[in-house]
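Survey of secondary and tertiary structure
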Amino acid sequence: MPMAAGGSGRPSIRAGSMELLPTEMTADKHRVGEAASRRCCTYVDEAVVFASNSLQRKKKGLPGLRAAQQKNKAPLLIGLPQDFRQISSIIDVDILPETHRRVRLHKHGSDKPLGFYIRDGVSVRVTPQGVEKLPGVFISRLVKGGLAESTGLLGVNDEILEVNGIDVAGKSLDQVTDMMVANSHNLIVTVKPANQRNNVVRGSKASGNSSGSGLSQDSTPSPASQYVNHYGNSSVAEGDSDEDGDLIIESDNLPPYLPSGFVANGDTPSSSAAAAAAPRPLAQSASLHSGSLSDSKASLSSLNTPTHNGSPSRASSSQESMREDGNIITL
Amino acid sequence: MMKFRFRRQGNDPQRERIKQDLFAFNKTVQHGFPNQPSALAYDPKLRLMAIGTKSGAVKVYGAPGVEFTSHHKETATVTQMHFLLGQGRLLSLLDDNTLHLWEINVGEGSPGLEEVGSFCLPGRPGFESTSATRVTVILLKRSCDLLCLGTEGGGVHFLEMPTLTLLDTQALVHDHIMQSVPEEYKCGKSLGPVESLREHPRCPNKMLIGYSRGLVVLWNYSSRKVENLFLGNQQLESLGWERSGKTFVSSHSDGSYMTWPVSSALSTQQPSTSVIPYGPFPCKAINKIVWRTTESGAPLVVFSGGMPRASYGDRHCVTVLQEKMQVTLDFTSRVIDFFTIHCTDKFDNPSALVVLLEEELVAIDLQTVGWPTIPCPYLAPLHSSAITCSYHISNVPPKLWERVVAAGLHQSPPPTHVRWPINGGKDLALEPKHNGLLLTGHEDGTVRFWDASGVSLKPLYKLSTANIFQTDCDHNDGLMQGAEEEWPPFRKVGCFDPYSDDPRLGIQKIGLCKYSGKLVVAGTAGQVLVMDLSEEMSAHVINIATIDLLQDREGFTWKGHDRLAPKTGPISFPPGFHPFLLVQCMPPAAVTAVTLHAEWNLVAFGTSHGFGLFDYHRRSPVLARCTLHPNDSLAMEGPLSRVKSLKKSLRQSFRRIRKSRVSGKKRVVVSSPTSKVQEANAQLAEQAGPHDVEVTPVQRRIEPRSADDSLSGVVRCLCFADTFLRDGTHHGPTMWAGTNSGSVYAYALEVPSQEKFSEHSVEAVLGKEIQLMHRAPVVAIAVLDGRGNPLPEPYEVSRDLAKAPDMQGSHSVLIASEEQFKVFTLPKVSAKTKFKLTAHEGCRVRKVALASFTSVSSEEYCENGLVCLTNLGDIHVFSVPALRPQVRYDCIRKEDISGIASCVFTKTGQGFYLISPSEFERFSLSARVVTQPLCSVDVDRPHASTVSQLSHYICLVETHGTKHQE
């Protein structure tokens, strides 16, 4: 079914796979996302800024949409593209049923909380056997000013179907919570929005199956799960590449190897001095902890800002640099 | 391109076969003492003992290694149990008034205990209440063909055994007896429930029927006539025959017992003797009494209860009485039941008394002067003080084993000639190839060493750490004994002692080097004790050092408990583990991680504030590191949760009292139609509880962990490894520490060679810090060699006990957090493989260990696995270092938090977890290494043919049984 639909409607795929990008302006804090309606979000391309989020990214068609948006909100001051930071995106529109929405939240280095709560609930599904009531997990609250709220893509009472490609059916609230927290750096949630009026109506399919009504017409228990494989190949894989930036700090006071038994060496003045005194004072490494770790944290967040990414020369200059999953830490 | 790399693993049939040879999940045996025992039975023919519990478990024990366990389908309390002598069959009565017949399956295949029949006494037509047919007492005749049931209504019903067929016409009703009772005794009152049924020791047709009101009747079953009437006036508790059948003894609710002569006269008014042993003040009831004849003349009387109500009403006592000799065995928990082991010749000559208490089993040797106790080879009361941690050592070298056993023998010399009297059945299990030690740390500061090699967990040695500290309760013991009065002649028996002198003594972490015998034990008040195993008595001064883990961090004040004050001056120690070094962490928070490297003479320990490294050879500190986050205020307050837990424990104990009051009623009224309605209502009311909770839905906040979460500095794991931290060509000693907030610190150590140990000090230099992005607590760190195998333990290589690790290929470090596993390359730290458990399954890692799995089909084939228990109670095994999921098994209920928290894994793919405060369940993940009972019992079942009418299922069992006999 999905493959057939994809094959027949080539143009619609292109439109769908293009990411819809509500953005947050870092330069002057004007939140464009807030202004945007849920149906029609603001799109600003920012291809240079990040490692690619989608292999199928397309830039076509943007100017037209953007023009339409600007007509509505003309007086708003919008900065240069490089001043924008992506905070969320709707992805995989082409492979999901129209009643579902897959939202990616970009936490990155922002100090904004993700800002939402989930709860247990009852999900009503229409099956060939009739209406079925199943336990489900729902968004219960959005925190004011949080990332989730500012995207405008998630709402209270939206049902959570998947977390980063994993079906949540049969999982407890605590399990879903743990899954979301574990993925919180690159959270992709597939929801069935409580409000179905703002669904993206796709050109080719709109005539055949318009789901304007709020009730979803699921023929299979979880349509989204059919796409898990495809999803796993694209989104999760690419998600791995820009997440997981474990921070590795190399200590530069580590002496080079010396034959065992020979302790004193010039490279580490602290240890050579200490070796002389019999009840040696303890290595005072506590100060290093707070200092170096927070410093490097700063460097990590600065890495995530677009400006730093363009200058790899600084990173390569040092011998101590570490490469781990795309992050370069210099000390 | 990327797409193909992330393709899922297919199901390779060859790999599946290998997995089947490596992994298999079995819960194999339960160690320890059954939780809440409620019934006891003994078969003198087969010499088997059975224990039933409040949760409906049935356990049969014979010689050590002979064990059968099963569970009633209903979780109802087992109130009574009786063996069908010699048949390997057992009858149990539950508090829902159902009878169940169990059979030991002795056929080939796995031995087991199976339910083969059940029975419920039907209510009498026309009677609304079923309480009249509630079974109060059971008599199974020695011939095992007839079962007599005494009821609440005063009737006695008869059943044919083992078919459990009710002999309707034979029933003896209350009125029938009443006809023979003299008018003046009747007084219009009923006789009350049947309290006791005893078969005449000589004439199998006759039996004693004792009624609650005090009337005792000698009834002839074949002639259906009352032979004698004994008109007792005290409320009856129990009856017991003297073996000749000429007299019997009755015990009563006022704490008296009476002996009655059986004469030819129809009715007897007065007993020949009547004694209140603990009078003259009001006494509690004597619940059970037995009368045993001895060759030497004076009979031996054993009874439970009967203590003076006011002064000793709260004691749990069994009295043994022979002429002038009297001992009041004073137990620490409630007496459930007891029996004597005696011969069937001319005299009883009881050899042993076995008492089942709520928390332990005690056997008394009645043949040795002074009636000493006999140590039990099983049913060890693991919880004699609450278990606070456990630690397993696989493959214990014989040398250490012998030394620990010798220390244990010195501590409690075995009784000279008495052997364990309950020794039925044969243990067919092979002698275990390797010895396994299980160490349990307890709340009272003791560490107990258990032989965990086989089916029965045997105590080996007990180490106490309390004696090196000054505690308030030191001198009380001596005073207590002096203050005790001469009468009653109390004797403290048993070892269950739930009261801890000082909670700070509690053991938190244990580490043992099995080659050098060095032991490190760490406790609740930040104390770290390093010990050495010694065969000699010694009196010495312990070196004491204090390590400040705050490292001048400002703005923190410790509000928790004080550190323990060590005793000054030399302390004497018996042979065994001798502490020679005490390191006290400041602030004195509980130790959360500890590890030992005996070859380098180093001990590392961590608390919620930081970690330290100590050179115990030179007695000098090497390193102290604070891991506190500046914003973490919780860590400083000390064990804050104690305030909460005190409240909680108070609430719980009140609840327990209330509960025990309810269940403490002797007989709960069973379901009459009216009470059924009440029950249903009660159930509805109970169900309404959780519904109410759901009205306000449970919410969960979705937020990534931040650095300043509380208790982020708790050190969760420590490890030593000889690996490459500086560069790829030179390896050396390293130490790794992981914290609650996903930080890992790796130190390069400079350890002088053995000869120069006294000249140079050990140096530690921070080599690397890894901050896991997801900030989940780091639960384990292990270094893998060039071939991906875990590094051997200290001394293993130098003593030729393990293959040398591959130091050619590049090493890697496996870091397990609560959310994911990752293998990083060394010395350049970059992620090689990973598995994100929480992101995939929504579960969190609780316990993790590396284990080696050997194939069942070939001893040569062996794989390393990462074994992981999650918060949902399921166990996953991952390949190492590829971290591919291999198998997953459900193991513990996810609600059983203490069970999950108590789990320990062995190095060969087995594990233990607490199913109750007193019982370890042992399980096996390996298809090859399985420790389960393998035993046989020679049974004699003359009624096999009649049983086969019962059901097809039983037929099957029986054919197995006969085959076995041929």
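Note that the coordinates shown come from a computational prediction; the quantities given were computed from them, not determined experimentally.

Assigned secondary structure in chain A consists of 12 helices and 13 strands. Considering chain A as a whole, with its 331 residues, one finds that 49% of them fall into the buried category. Across chain A, contacts joining residues at least 24 apart in sequence account for 65% of those joining residues at least 6 apart. Summed over its atoms, the accessible surface of chain A is roughly 15,600 Å², and 56% of this surface lies on carbon and sulfur atoms.

What follows is about the overall build of chain B. Broken down by element type, chain B carries 13 helices and 64 strands. The buried share of chain B, taken over its 966 residues, is 56%. Taking contacts inside chain B between residues at least 6 apart in sequence as the whole, the part at least 24 apart equals 59%. Carbon and sulfur atoms make up 52% of the accessible area of chain B, which amounts to about 41,900 Å² in all.

What follows is about the packing of aromatic side chains. Scanning the model with the defined rule gives 26 aromatic pairs over all chains in all. When the centroid spacing of 6.3 Å and the interplanar angle of 65° are considered together, the rings of Tyr 278 of chain B and Phe 303 of chain B count as edge-to-face. On the criterion of sequence distance, the pair formed by Tyr 278 of chain B in the loop between β22 (273–275) and β23 (286–292) and Phe 303 of chain B in strand β24 (residues 300–305) is long-range, its members being 25 residues apart. Accessibility expressed as a relative area gives 0% for Phe 303 of chain B, which makes it buried. Centre to centre, the rings of Phe 611 of chain B and Tyr 745 of chain B are 5.8 Å apart; their planes meet at 45°, and the pair counts as tilted. One end of the pair, Phe 611 of chain B, is in strand β46 (residues 610–615); the other, Tyr 745 of chain B, is in strand β51 (residues 743–750), and 134 residues separate them in sequence. Ring-pair connections join several aromatic residues into one group, and the members of that group are Phe 25, Tyr 889, Phe 905, Tyr 913 and Phe 923 of chain B. Its guanidinium or amino end placed over the ring of Tyr 117 of chain A, Arg 141 of chain A lies 4.3 Å from that ring's centre, counting from NZ or CZ. Geometry around Tyr 185 of chain B places Arg 213 of chain B over its ring, the cationic atom sitting 4.6 Å from the centre.

What follows deals with the nonpolar core. Residue and element names in this part refer to chain B. Judged by nonpolar contacts, the single largest core of 33 residues is most densely connected at Leu 437, Leu 439, Phe 449, Leu 463, Leu 519 and Phe 577. The element best represented in this core is helix α6 (residues 398–411), accounting for 4 residues. In this structure, Leu 439 is in contact with Cys 389, Ser 390, Tyr 391, Ile 393, Val 447, Arg 448, Phe 449, Ile 510, Leu 512 and Leu 519, ignoring residues within four places of it in sequence.

Cut-offs and rules
Residues numbered from 1 in each chain as written. Chains lettered and ligands numbered in written order. Predicted model: local features only at pLDDT ≥ 70, side-chain atom pairs only at ≥ 80, totals over all residues. Heavy atoms only, no water. Helix = DSSP H or I, 4+ residues; strand = E, 2+ residues; numbered from the N terminus. Buried < 20%, exposed > 50% of the residue type's maximum accessible area, 1.4 Å probe, protein only. Contact = heavy atoms within 4.5 Å. Areas by Shrake-Rupley, 256 points an atom, 1.4 Å probe, with all protein chains shown as cover. Phe/Tyr/Trp six-rings, centres within 6.5 Å; stacked < 30°, edge-to-face > 60°. Lys NZ or Arg CZ within 6 Å of the ring centre and 35° of its normal. Core = buried A, V, L, I, M, F, W, Y, C linked by side-chain atoms within 4.5 Å.

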